[in-house]
2 protein chains.
Amino acid sequence: MSERTPDLHPDDDQPWTALERRDVSRAPHIVADLVQGHAGTTFEYTYRPRGGRAALIVPITEDGRLVMLRQYRYPIGMTMTEIPAGAVELGEEPLDAAKRELAEEIGGVARAFEALPLFCPQPSFTGQIFHPFVAFDVTLGENAPEDSELLRVEVVPIHEAYRRLDDGEIPNGPSALTLFHARRVLSRRGLL
Amino acid sequence: MSERTPDLHPDDDQPWTALERRDVSRAPHIVADLVQGHAGTTFEYTYRPRGGRAALIVPITEDGRLVMLRQYRYPIGMTMTEIPAGAVELGEEPLDAAKRELAEEIGGVARAFEALPLFCPQPSFTGQIFHPFVAFDVTLGENAPEDSELLRVEVVPIHEAYRRLDDGEIPNGPSALTLFHARRVLSRRGLL
């Protein structure tokens, strides 16, 4: 596995300071800080602090197809085309989370992984960091979604996945960004 | 302006039902629902309901360069390379928000806009919908950031912006996804 980008460390100098903090929610952890900004003024900022991570996976099967999901997303009330993904558990490595999510969501086992550039899904609100991967030579079996996951596996030709992406048919932002970063890797390996 | 993708409407059939709801935060609006899922079990789901929107803009200057920002993001504690963006206000059209944010963040005025595919920044948590645009023939003037915005304008050759993107140097997810969607538009117009 290659790691192409450095970790996303906080800046050494922080121009804003938290004067007070109150918890807004425990799970997920959301706080409201009274902040003193760089201009000296104070304001409240509600956000999800650093710490949460997720793994996202572009699974490529042994016969060169791409495994997508149709998943119901309650906050937006839509069933979306996306890729396997899930939270990295406490103490877990992102790559291990990727392997676990592959197994849970598509019953998949991969022979190799390649890491893609890390990204923040919405840095104006959340300190979460997302870890995207491509998984190669994936074999598919029975999946085991949780009661709070409503999803259907859909295996498509790689070029069809990218047609959907370019045509705006993958509105799940983190899934779409992961697919875009994966495009160069798939091209380089002659898969696209 | 062309609109390339349909709006992201909720599904007609909703497989989950909210049995109870409590407010967790007012601004931003975050709720915790007691949900009855498709499997009949109940669980709590904390999320940001539908309604919020943001506009993101890839500004291309008259001399064919791309306007980026270096902006401090408090939740992640990092100064990031990104593109102009901001919330769509109540009653405002996304395109008007794009024009307003261009003026506020880079002192910019554009001669034309092209809409890119809509996306959800994190549909597992938020019902927000993001509206990305490319802005053409942008002239730059004095910007007027708010006290809670710490940003610096950086005008770069278009190919340099895409080198940074491909090399994983743009960790702001919504900015990176907007730039990827813009690539086809810029290629088609002979700008990249």
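No experiment lies behind these values; they were computed from the predicted model shown.

## A closer look at the overall build of chain A
Within chain A one finds three helices and ten strands. Each helix (α) and strand (β) of chain A, taken in turn from the N terminus, gives the series β-β-β-β-β-β-β-α-β-β-β-α-α. Each of the three principal axes of chain A carries a C-alpha extent, and together these read 60 × 35 × 35 Å. When each of the 192 residues of chain A is scored for burial, the buried share is 55%. The long-range share in chain A, meaning contacts at least 24 apart out of those at least 6 apart in sequence, stands at 61%.

## Description of the packing of helix α2 (residues 158-166) of chain B against helix α3 (residues 173-188) of chain B
Residues and elements named next belong to chain B. For the pair α2 and α3, the least separation of the axes is 11 Å and the interaxial angle reads 135 degrees. On the basis of their axis angle, the class for α2 and α3 is oblique. Viewed along their axes, α2 and α3 form a crossing whose handedness is left-handed. On α3, the residues that touch I158, Y162, L165 and D166 of α2 are A176, L179, F180, A182, R183 and L186. Per-class residue counts for the contact of α2 with α3 are eight nonpolar, no polar and two charged.

## Regarding the sheet that holds strand β3 (residues 42-47) of chain A
All names here are of chain A. Strand order in the open sheet formed by three strands is β1-β2-β3, with antiparallel pairing between adjacent strands. A strand with exactly one partner marks an edge of an open sheet, and here the two such strands are β1 (17-25) and β3. This sheet shows a mean twist of 20 degrees between the axes of neighbouring strands, independent of strand direction. In this sheet, β3 lies alongside strand β2 (residues 30-36) in antiparallel orientation, the contact comprising six bridges.

## Thoughts on helix α2 (residues 158-166) of chain A
For α2(A), a buried count of seven out of nine residues is recorded, marking the element as mostly surrounded by other parts of the structure. For α2(A), the set of buried residues is A:I158, A:E160, A:A161, A:Y162, A:R164, A:L165 and A:D166. In this structure, the buried residues of α2(A) make contact with β4 (53-61), β5 (65-73), β6 (78-82), β10 (151-157) and α3 (173-188) of chain A together with α3 of chain B. At the exit of α2(A) stands A:G168, carrying a positive phi of roughly 75 degrees.

## Digging into the relation of the copies chain B and chain A
Mapping chain B onto chain A is achieved by rotating through 180 degrees and translating by 0.0 Å along the same axis, at an RMSD of 0.0 Å. Expressed as an axis order, the relation between the two copies is that of a two-fold axis. Scanning chain B for the C-alpha nearest the rotation axis identifies B:L177, at a separation of 2.6 Å. The share of interface residues of chain B whose copies in chain A are also at the interface is 100%, consistent with both copies meeting through the same surface.

## Some thoughts on the UniProt feature "domain: Nudix hydrolase" (unreviewed entry) in chain A
Here, the residues flagged by UniProt with the feature "domain: Nudix hydrolase" (unreviewed entry) are residues 50-178 of chain A. As a span, residues 50-178 of chain A carries 22% helix and 36% strand, and end to end its C-alpha atoms are 21 Å apart.

## A word on the side chain of B:H181
Positionally, B:H181 belongs in helix α3. You can call B:H181 buried: its relative accessible area is 5%. Residue contacts for B:H181: discarding those within four places in its chain leaves A:L165, A:F180, B:L116 and B:P117.

## What to know about the interface of chain B and chain A
Counting residues at the interface gives 68 residues for chain B and 68 residues for chain A. Among the residues chain B hides against chain A, the three largest losses belong to B:Y74, B:P75 and B:I76. Together they make up 14% of the total. Our count for the chain B to chain A interface comes out at two salt bridges. Of the charged contacts, one joins A:R184 and B:D167 as a salt bridge, the two residues approaching to 3.9 Å between their closest N and O atoms. Counting the contacts that link chain B with chain A gives 22 residue pairs in polar contact (both at pLDDT 80 or more). Breaking the side of chain B that touches chain A down by element, the ones donating at least two residues are β1 (17-25), β2 (30-36), β3 (42-47), β5 (65-73), β6 (78-82), β9 (129-138), α2 and α3 of chain B. Examining the composition of the side of chain B that touches chain A, we find that seven residues originate from one element, α3(B), more than from any other. Considered class by class, the residues forming the side of chain B that touches chain A number 37 nonpolar, 19 polar and twelve charged.

Scoring rules and cut-offs
- Position labels on residues start from 1 in each chain and follow its written sequence.
- Lettering for chains starts from A, numbering for ligands starts from 1, and both go in the order in which the items are written.
- Totals for whole chains, interfaces and linings use every residue, but because this is a predicted model, local features are given only for residues with pLDDT of at least 70 and side-chain atom pairs only at 80 or more, for both listing and counting.
- With hydrogens and water excluded, all non-hydrogen atoms of the structure serve as input to the side-chain values.
- Helix numbering and strand numbering both begin at the N terminus, where a helix is a DSSP run of H or I of at least 4 residues and a strand a DSSP run of E of at least 2.
- Per-residue accessibility, obtained with a 1.4 Å probe over protein chains only, is compared with the maximum for each type, and a residue is labelled buried under 20%, exposed over 50%, and partly exposed between these values.
- In what follows, residue pairs with any heavy atoms lying within 4.5 Å of each other are defined as contacts.
- The convention used is that axes are lines fitted to C-alpha atoms, helices contributing only their stretch in contact, and that angles between N-to-C directions extend from 0 to 180 degrees.
- We call two directions roughly parallel when the angle between them is under 35 degrees, roughly antiparallel when it is over 145, roughly perpendicular when it lies between 65 and 115, and oblique otherwise.
- Crossing handedness is defined as follows: a turn of the near helix away from the far one that is anticlockwise and smaller than a right angle gives a left-handed crossing, while the clockwise case is right-handed.
- Gly falls in the polar group here, along with every residue not listed as nonpolar (Ala, Val, Leu, Ile, Met, Phe, Trp, Tyr, Cys, Pro) or charged (Asp, Glu, Lys, Arg).
- What makes two strands pair is DSSP finding at least two bridges between them.
- Least-squares superposition aligns the copies on the C-alpha atoms of those residues with pLDDT at or above 70 in both.
- UniProt positions are given in the numbering used here, feature names are shortened, and annotations may be inferred rather than shown by experiment.
- Summed over both partners, the accessible surface that disappears when two parts come together, traced with a 1.4 Å probe, is what is meant by buried area.
- Salt bridge, as applied in this entry: a Lys or Arg side-chain nitrogen positioned within 4 Å of an Asp or Glu carboxyl oxygen.
- Polar contact is defined as a pair of N or O atoms within 3.5 Å, subject to the rule that within protein one atom must be able to donate a hydrogen and the other to accept it, and that residues adjacent in sequence are counted only when both atoms are side-chain atoms.

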